[in-house]
Amino acid sequence: MQMAPADLRSQPKSWELRQIYGCFPTGVAAVCAAGARGRPIGTAVTGFTPVSLDPPLVGINVLMTSTTWPRLKAAPRIGISVLSQDHDRAAVLLAAGASDWVTETPHVITAGGAVLIDGATAWLECAVDAQHRAGDHMIVLLRVLSCAGDPSHHPLVVHGNRFHRLREL
Ligand SMILES: Cc1cc2nc3c(=O)[nH]c(=O)nc-3n(C[C@H](O)[C@H](O)[C@H](O)COP(=O)(O)O)c2cc1C
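Residues numbered from 1 in each chain as written. Predicted model: local features only at pLDDT ≥ 70, side-chain atom pairs only at ≥ 80, totals over all residues. Heavy atoms only, no water.

You'll find the protein entered in an unreviewed UniProt entry as Putative flavin reductase, with Actinoplanes missouriensis given as the organism. The protein has a UniProt comment under Sequence similarities (unreviewed entry) that states "Belongs to the non-flavoprotein flavin reductase family." (UniProt positions renumbered as here; feature names shortened; annotations may be inferred.)

Undergrad: Can you help me understand the UniProt feature "domain: Flavin reductase like" (unreviewed entry) in the protein in this one?
TA: The positions UniProt marks with the feature "domain: Flavin reductase like" (unreviewed entry) are residues 21-165. With 12% helix and 48% strand, residues 21-165 has its two end C-alpha atoms placed 19 Å apart. (Helix = DSSP H or I, 4+ residues; strand = E, 2+ residues; numbered from the N terminus.)

Undergrad: Any chance you could explain the site of the ligand here in plain terms?
TA: Taken together, Thr43, Ala44, Val45, Thr46, Gly47, Asn61, Val62, Leu63, Ser66, Thr67, Thr68 and Ala95 are the residues near the ligand. Separating an oxygen atom of the ligand from a backbone N or O atom of leucine 63 is a distance of 2.6 Å. Here threonine 67 contributes a side-chain N or O atom positioned 2.7 Å from an oxygen atom of the ligand. Starting from 620 Å² of accessible surface for the ligand in isolation, the protein chains cover 74%. (Near = heavy atom within 4 Å. Polar contact = N/O pair within 3.5 Å; in protein donor to acceptor, adjacent residues only side chain to side chain. Areas by Shrake-Rupley, 256 points an atom, 1.4 Å probe, with all protein chains shown as cover.)

Undergrad: Sorry, what's going on with the nonpolar core here?
TA: Most often, soluble globular proteins have nonpolar side chains that are buried together. Judged by nonpolar contacts, the single largest core of 19 residues is most densely connected at Val31, Ile60, Trp69, Ile80, Cys126, Val140 and Leu142. Taken together, the elements giving at least two residues each to this core come down to strand E1 (29-34), strand E2 (40-45), strand E4 (57-63), helix H2 (69-72), strand E5 (78-82), strand E8 (122-134) and strand E9 (137-149). Per element, the largest residue contribution to this core is four residues, and it comes from E9. Counting residues in hydrophobic clusters, the runner-up holds 14 residues, among them Cys32, Leu83, Leu156 and Val158. (Core = buried A, V, L, I, M, F, W, Y, C linked by side-chain atoms within 4.5 Å. Buried < 20%, exposed > 50% of the residue type's maximum accessible area, 1.4 Å probe, protein only.)

Undergrad: Looking at this structure, I do not really get the pattern of salt bridges. What am I missing?
TA: Working definition: two side chains of opposite charge can pair if their charged atoms are close together. What the rule picks out here adds up to four salt bridges. For aspartate 86, the salt bridge is made with arginine 165, and the minimal N-O distance between the two is 3.9 Å. Taken as a pair, aspartate 86 in the loop between E5 and helix H3 (88-95) and arginine 165 in strand E11 (residues 162-165) lie far apart in primary sequence, 79 residues in all. Ionic pairing is found between arginine 89 and glutamate 104, a salt bridge with its closest N-O pair at 2.7 Å. Within this pair, whereas arginine 89 is found in helix H3, its partner glutamate 104 is found in helix H4 (residues 100-104), the two being separated by 15 residues in sequence. The class for glutamate 104 is partly exposed, based on a relative accessible area of 41%. (Salt bridge = Lys/Arg side-chain N within 4 Å of Asp/Glu carboxyl O.)

Undergrad: What am I meant to see in the sheet that holds E8 here?
TA: Strand-to-strand pairing in sheets goes through backbone hydrogen bonds, with the strands running parallel or antiparallel. Strand order in this open sheet of seven strands is E2-E1-E5-E8-E9-E4-E3, and the pairing throughout is antiparallel. Edge positions in the sheet fall to E2 and strand E3 (48-52), since each of these pairs with one other strand and no more. Mean inter-strand twist for the sheet, computed between neighbouring axes without regard to direction, equals 35°. Of the pairings in the sheet, the one linking E1 to E2 comprises six bridges and is antiparallel in character. Note that in E2 the partner of alanine 33 across the bridge is isoleucine 41. Strands E1 and E2 of the sheet are contacted by H3, whose axis makes an angle of about 105° with E2. (Pairing = 2+ DSSP bridges. Axes fitted to C-alpha atoms, helices over the stretch in contact; angles between N-to-C directions. Contact = heavy atoms within 4.5 Å.)

Below, the structure written as structure tokens:
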């Protein structure tokens, strides 16, 4: 169906907004840390945004209803791994809240307790800087303490609620 700007709808329903937000392609970030008993906990978000270079800050958008976030934010260090194109199963497991990802997804735990996924395209070790409630989500600012990455390693891409691979034009 060909859409035109004249098709603008006011007061969109949640499912329409979800569809429209899904027109903006993103990567997937695994947000993981060692939990209270040292066991890794984590979730997957498309709501990841680089925010500031000086000071180094990134943002994530977290559902207010997330059961994982309250435990993650209690960790002194949080790992962000920008998932690679081969991490589609890891993304699904992380999003499902299934602890299977811990055994199925090779990862490392930093001295500070951030959990980073092997084979990701980028890693950031972060600490929570600020949180702002924004509707049904929380905007969380994270201060970047250390990082590494390689853009030649292709990321997992989400568009229209599906996983894709990057193709250079
Ligand atoms: C591709 C994908 C992207 C997601 N993006 C977000 C996101 O940006 N923010 C968020 O809070 N949850 C996001 N989710 C959902 C979370 O991964 C998770 O399922 C949700 O927060 C509830 O899990 P929990 O209660 O176990 O924490 C996403 C899920 C998938 C599959």
